[in-house]
Amino acid sequence: MENLDKVYAKRIAEEYAPKTTTKVVQLKKLDQKVKRPANIFAFTFGTISALIAGTGMSMIMTDFGFSGATDIVLGIILGVIGFIGCGVNYLAYLKILKSRKEKHAFEITELAKEISEE
């Protein structure tokens, strides 16, 4: 019973003790900080572009929306816009990622040098 109390007390003390992060953990967090905005943009923009393209295809192939030739023309326009968005998505992702890497390159390389010298 006494051992369980000690284990419980130790676990609670560790929970409230100040946490020290290692340099490797800092490097991983910094890497995630660089990549996260580009990933969020790519997934969001890609999803929206795919939905727009799908809406356009749906307007062409079904009786969704207006009637007659207007459906086809509007559907083609929406489909093309959506497909262009899907095509541009990867290029925009690369551009955002490159700018973020350039912004944080010094911090990451310095931290990586410190880790490799230890």
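Basis of the calculations
- Residues numbered from 1 in each chain as written.
- Predicted model: local features only at pLDDT ≥ 70, side-chain atom pairs only at ≥ 80, totals over all residues.
- Heavy atoms only, no water.
- Salt bridge = Lys/Arg side-chain N within 4 Å of Asp/Glu carboxyl O.
- Helix = DSSP H or I, 4+ residues; strand = E, 2+ residues; numbered from the N terminus.
- Buried < 20%, exposed > 50% of the residue type's maximum accessible area, 1.4 Å probe, protein only.
- Phe/Tyr/Trp six-rings, centres within 6.5 Å; stacked < 30°, edge-to-face > 60°.
- Axes fitted to C-alpha atoms, helices over the stretch in contact; angles between N-to-C directions.
- Parallel < 35°, antiparallel > 145°, perpendicular 65-115°, else oblique.
- Nonpolar A, V, L, I, M, F, W, Y, C, P; charged D, E, K, R; others polar.

K.L.:
Explain the pattern of salt bridges to me, please; I cannot follow it from the model alone.
P.N.:
As a working rule, side chains carrying opposite charge can pair if their charged atoms are close by. Within the structure shown, the criterion is met by three salt bridges. Among the ionic pairs, Glu-114 bridges to Lys-23, the shortest N-O distance being 3.1 Å. In this pair, Glu-114 sits in helix H3 (residues 69-117) while Lys-23 sits in helix H2 (residues 23-61), placing the two residues 91 residues apart along the sequence. Exposure remark for Glu-114: the relative accessible area of 35% places this residue in the partly exposed category. A salt bridge links Lys-35 to Asp-31; the shortest N-O distance between them is 3.4 Å. Here Asp-31 and Lys-35 lie together in helix H2, a separation of four residues that amounts to about one turn. Exposure remark for Lys-35: the relative accessible area of 33% places this residue in the partly exposed category. Residue class for Asp-31 comes out partly exposed when judged on its relative accessible area of 31%.

K.L.:
Got a minute to help me understand the packing of aromatic side chains in this structure?
P.N.:
Aromatic rings considered in pairs are described by the distance between their centres and by the relative angle of their planes. Applying the stated rule across the entire model yields two aromatic pairs. Centroid distance Phe-41 to Phe-45: 5.3 Å. Interplanar angle 10°. Geometry classified as stacked. Of this pair, Phe-41 and Phe-45 both sit in helix H2, four residues apart, which is roughly one turn of the helix. Since its relative accessible area comes to 30%, Phe-41 is described here as partly exposed. Phe-45 gets classed as partly exposed once you look at its relative accessible area, which sits at 30%.

K.L.:
Explain the packing of H2 against H3 here, please?
P.N.:
For any two helices packed against each other, the geometry is given by the interaxial angle and the distance between the axes. Axis separation between H2 and H3 bottoms out at 7 Å; the angle between their running directions is 175°. Between H2 and H3, the crossing angle belongs to the class labelled roughly antiparallel. Residue classes in the contact of H2 with H3 are distributed as 30 nonpolar, 12 polar and eight charged.

K.L.:
In this structure, what is going on with the environment of Leu-74? I would like to understand it.
P.N.:
When you line up the elements, Leu-74 lands in helix H3. Take Leu-74: its relative accessible area is 31%, and that puts it in the partly exposed class. Residues Leu-74 and Gly-56, 18 residues apart in the sequence, show an inter-C-alpha distance of 7.1 Å.

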